[in-house]
Amino acid sequence: MSYLKQADPELYDVMVRETERQAHKVVLIASENFVSEAVLEANGGVMTNKYAEGYPGKRYYGGCEWVDAAENLARDRAKQLFGCEHVNVQPHSGSQANMAVYFTALKPGDKVMGLALAHGGHLTHGHPINFSGFLYNFVGYEVDRETEVINYDHLLDQAREFQPRMIVSGASAYPRFFDFEAIRRACDAVGAYMMVDIAHIAGLVAAGLHPSPIPFADFVTTTTHKTLRGPRGGMIMCKEKYAADLDRMVMPGIQGGPLMHTIAAKAVAFKEALTPEYKDYQRRIIENAKALAEALKKLGYRLVAGGTDTHLMLVSFVGQEGMTGKKAENALDKAGIVVNKNTVPFDPEKPFVTSGIRLGTPAVTTRGMKPGDMTTIAGFIDRAIKNRKSDEALAAIAKEVADFSKRFPLYEERLKGA
Ligand code: DSN
């Protein structure tokens, strides 16, 4: 029996439609994933009712004994998973996690370096239209024009010249591994804090498949819902010496009551992430990404930085007359394949048009797809892009994509009898 169906049929119908959309399309958005039913249950549970400003054992409200237990489980499991000295699981989002670190370590006007958004960075890494860009004096470092990867000698030179108080690394559209040891050397050369935002690669780091920044960084932030496959939210890890200041900055500095239902769901996701099956899942994400990259290259597509080490890749249409990321995103959506347009390094197009698309494999891997299926998906992508002007052809591909997707059931129980 669905309480929602009874109470609000209109919203219930919208939820069913969204579940069907997730199940019947191929989701290649690199930052999205499908959480387990256990994570969904915790996230939709009774802890949403509880106010709990403060931290376990030191709250501003009575009745916190069970939310304390949930937060302690989340904290202990996160520490075990990442091997960090201290963790704060309360940030509502990645953006607030980054804000808390900046507010802890920096003063307004301080100089900071971050990977430029157009080169794979994130809005909160100093973009002028974001609070990070309003408050701090950020300069962006960029990828090398030839290799399209970060040149760490150039980064060191730039740091020596600019003398930042902090160097931020991590990205939302960078397909190669980061060299955290080299970034630490640059930080040490100029006495800067090292902050790494591992939102995209957190699951790979947790599984030991991407080098970990934890031994090198002062602060590591992440979201919990991308490769990590937890509920939507944020988290901060840091050295013990910053713990008290950081916790005070998260609450009361920038947040009030923590979202205890989400923290409970984070605990569940971290337990899942501590299993051998999870490590295998992360390995398969990378295997699938490499298979998709190779299949696309065989079909003649150009990938930024030549391919991927991780869960994501960027297809570049630079130099292809009349082709843009926006056109590709629209055509693919009509064909049942969900991606996002994305700027590529040195992109001649505006951010709302772009010359690229970003593709990632966490969500399709959760559904059980394998490297052979990536070849099938590359074929769908190629046909959709080539037939982008024909709605009829795109609708036919969408039907094939839906049939293909049905071979990898998702949230079936929810759709039964909906
Ligand atoms: N919006 C996220 C992404 O898609 O990568 C970053 O915050």
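- You'll find the chain entered in an unreviewed UniProt entry as Serine hydroxymethyltransferase, with candidate division GN15 bacterium given as the organism.
- UniProt, in its Sequence similarities (unreviewed entry) section for the chain, records the words "Belongs to the SHMT family."
- The annotation that UniProt attaches to the chain under Subcellular location (unreviewed entry) is "Cytoplasm".

## Focus: the site of the ligand
Then step 1. Taken together, the neighbourhood of the ligand is formed by Ser31, His122, Ser172, His200, Lys226 and Arg358.
Then step 2. Here an oxygen atom of the ligand and a side-chain polar atom of Ser31 are 2.7 Å apart.
Then step 3. Within the side chain of Arg358, a nitrogen or oxygen atom sits 2.8 Å from an oxygen atom of the ligand.
Then step 4. When the residues that make up the shell around the ligand are grouped by side-chain class, the tally is no nonpolar, four polar and two charged.

## With respect to the nonpolar core
Then step 1. Residues Phe82, Ile150, Ile167, Phe178, Ile198 and Met237 are the most contacted members of the largest nonpolar core, which totals 53 residues.
Then step 2. Top contributing element to this core by residue count: helix H8 (residues 180-190), with six residues.
Then step 3. Not counting the four nearest positions on each side in its chain, Phe82 is found in contact with Ile198, Ala202, Val205, Ala206, Ile214, Leu228, Met235 and Met237.
Then step 4. One finds Tyr301, Leu303, Ile337 and Val401 within the second-largest nonpolar core, a separate group that totals 36 residues.

## A short note on the packing of aromatic side chains
Then step 1. Taken as a whole and assessed by the stated rule, the structure comprises 13 aromatic pairs.
Then step 2. Relative to Phe180, the ring of Phe178 has its centre 5.8 Å away and its plane inclined at 5°; by these criteria the two rings are stacked.
Then step 3. Judged by its relative accessible area of 6%, Phe178 falls in the buried class.
Then step 4. Through pairs of rings, three or more aromatic residues link up here, namely Tyr102, Phe131, Tyr136 and Phe138.

About the cut-offs
- Residues numbered from 1 in each chain as written.
- Predicted model: local features only at pLDDT ≥ 70, side-chain atom pairs only at ≥ 80, totals over all residues.
- Heavy atoms only, no water.
- UniProt positions renumbered as here; feature names shortened; annotations may be inferred.
- Near = heavy atom within 4 Å.
- Polar contact = N/O pair within 3.5 Å; in protein donor to acceptor, adjacent residues only side chain to side chain.
- Nonpolar A, V, L, I, M, F, W, Y, C, P; charged D, E, K, R; others polar.
- Core = buried A, V, L, I, M, F, W, Y, C linked by side-chain atoms within 4.5 Å.
- Buried < 20%, exposed > 50% of the residue type's maximum accessible area, 1.4 Å probe, protein only.
- Helix = DSSP H or I, 4+ residues; strand = E, 2+ residues; numbered from the N terminus.
- Contact = heavy atoms within 4.5 Å.
- Phe/Tyr/Trp six-rings, centres within 6.5 Å; stacked < 30°, edge-to-face > 60°.

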